[in-house]
Amino acid sequence: MTTSPTLSVSTWSLHRALGRPGFYGPADARIPAETHGRGALTLLELPARLAAFGIRTLEICHFHLPARDPSYLRALRGALEAAGVRLFSLLVDDGDVTGPEAARDLEWIRGWLPVATVLGAERVRVIAGKSEPSEETLARSVAALEGLAADAASSGLRLMTENWFALLSRPDTVLALLDRLEGRVGLCLDFGNWGGEGKYERLAAIAPRAESCHAKAHFVAPNAPDREDYTRCLELTRAAGFSGPYTLIYDGPGDDEWAGLSLERELVRPFL
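Residues numbered from 1 in each chain as written. Predicted model: local features only at pLDDT ≥ 70, side-chain atom pairs only at ≥ 80, totals over all residues. Heavy atoms only, no water.

Caption draft 1: Quick look at the packing of aromatic side chains. Counted under the stated rule, the structure contains 8 aromatic pairs. Residues F23 and F63 carry aromatic rings whose centres are separated by 5.0 Å and whose planes lie at 65° to one another, so their mutual orientation is edge-to-face. Note that F23 is positioned in the loop between β1 (6–10) and α1 (46–53) and F63 in the loop between β2 (57–61) and α2 (70–83), a separation of 40 residues in sequence. In this structure F63 comes out as buried when scored by relative accessible area, which is 3%. Across the ring face of W112, the terminal group of R68 is positioned such that the distance to the ring centre comes to 3.9 Å. We note R232 situated over the ring of Y200; from NZ or CZ to the ring centre the distance is 3.8 Å. (Phe/Tyr/Trp six-rings, centres within 6.5 Å; stacked < 30°, edge-to-face > 60°. Helix = DSSP H or I, 4+ residues; strand = E, 2+ residues; numbered from the N terminus. Buried < 20%, exposed > 50% of the residue type's maximum accessible area, 1.4 Å probe, protein only. Lys NZ or Arg CZ within 6 Å of the ring centre and 35° of its normal.)

Next up, the structure:
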């Protein structure tokens, strides 16, 4: 049975509405609590607002969580369930399993798996590596992701990675990594991570392996997406038979994030 693509939103697209919470990673694992609660919207309020917007699938960036204690996580899961919003993925947006602090970073990343489980997420997306591609760094990444994928699967989660940072900056290394992992790790395809000459050919080379898509439009000005570029990216996913969620990613120059998401949604609709 084939499925049709759906629409989703990442909390990154509403970073400003959430008050621009501070980013953090394994080097300093303390949540910068003082940067939370300053926006027009809280994370607990977001599911209902998203449902009212007409989208019922969400991805949450790790640094948008103001707390990791079970009571908060259960409250957020309750808000998602009450709004009828599916949590597709927890996005772990830092850590380098190929770098000099790989052991530390790997344990920090692994610590997000229980968080995803309590939240009721289906998947966890991690970075494959920030090191330049080589046989050594690719082998390091494969070994780390194998272990994470096994741990994720034991909790009912699927692990994913993305064409992001140096290691997966080229189609050949993306495909080599996925092949060595033999289906244990999925791919999130992000339009915005690759650019320059040959962008469409490079994205097309990995699009058939994508299980989710970060559909990020480039905005040349407020309320002015580069429609030609966005449509070409969407067309290559359709040609590849993509059937996962199109997660709208907005970080354009206008501060009205909902307006930017509305523009992206209208451009994606013909591909659903």
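Let's pick the thread back up.
Caption draft 2: Region of the structure containing the environment of G99. By secondary structure assignment, the location of G99 is in the loop between β3 (86–91) and α3 (102–110). The exposure class of G99 is buried, given its relative accessible area of 12%. A sequence separation of 72 residues divides G99 from P171, and the C-alpha atoms of the two residues are 21 Å apart. Discounting chain neighbours no more than four positions away, the residues touching G99 are S131 and R140. (Contact = heavy atoms within 4.5 Å.)

Caption draft 3: Seen up close, helix α6 (residues 171–181). Turning to α6, its buried residues number three or more, namely P171, T173, V174, L177, L178 and L181. For α6, the elements touching its buried residues are α5 (135–154), β5 (158–162), β6 (185–190) and α7 (199–206). Backbone geometry just after α6 places E182 at a positive phi near 50°.

Caption draft 4: Quick peek at the side chain of N163. Positionally, N163 belongs in the loop between β5 and α6. In this structure the side chain of N163 is engaged in a polar contact, spanning 2.8 Å, whose partner is the backbone nitrogen of D190. Dropping the residues within four chain positions of it, N163 is found in contact with L168, V174, L187, C188, L189, D190, N193, W194, L203 and I206. (Polar contact = N/O pair within 3.5 Å; in protein donor to acceptor, adjacent residues only side chain to side chain.)

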